[in-house]
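The residues making up each chain are set out below.
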Amino acid sequence: MTRLLLASLALAISILPSYGQNSILHMDRSGYTTGTVGSSSQNTYTDQYGNTTGWVGGRYSSTYSDGYGGTTGTIGNKRINTYQDGYGNTTGTIGRDRVNLHTDSSGNTTGTIGGRRLNCYTRSRTTTCY
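Residues numbered from 1 in each chain as written. Predicted model: local features only at pLDDT ≥ 70, side-chain atom pairs only at ≥ 80, totals over all residues. Heavy atoms only, no water.

Undergrad: What's the story with the pairing of strand β2 (residues 32-37) in this structure? I'm lost.
TA: Each regular strand carries side chains that alternate between the two faces of the sheet. With five bridges connecting them, strand β1 (residues 23-27) and β2 associate as antiparallel partners. Considered in β2, the bridge of S23 is made with V37. With antiparallel pairing between neighbouring strands as the criterion, β1 and β2 make up a hairpin whose turn holds four residues, including G31 at a positive phi of roughly 105°. Inspection of the sheet shows β2 paired to strand β3 (residues 40-46) by six bridges, in the antiparallel sense. Within β3, the residue paired with T36 across the bridge is S41. Two successive antiparallel strands, β2 and β3, enclose a turn made up of two residues, where G38 displays a positive phi of approximately 65°. (Pairing = 2+ DSSP bridges. Helix = DSSP H or I, 4+ residues; strand = E, 2+ residues; numbered from the N terminus.)

Listed below in structure tokens is the structure:
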């Protein structure tokens, strides 16, 4: 669950300027993620295989999970290529921005996307970043 929310969050954060990082995202049991990132809204769906489609900040997003930790796709005109190693580490690129994140067993995520620092926590299917 945290992995799916993290993917949605990375998509959302990647399109926003550095001042728009405050966010609250909620994923329901059927795979829909809704919420706000800065002043932009997010509405995406993640299927049982980890593939995500929807709208993030007015831009269409579509990503495909290979089932082994890799994710590829686009958000607007930005290409996404990330890999999760199974130990909480996510690396890769979103557009020209480098992704380097770590999620601990409690659902806390820290790291960077491009030059932007990311600090998030997940509780009861809701991810909050500050």
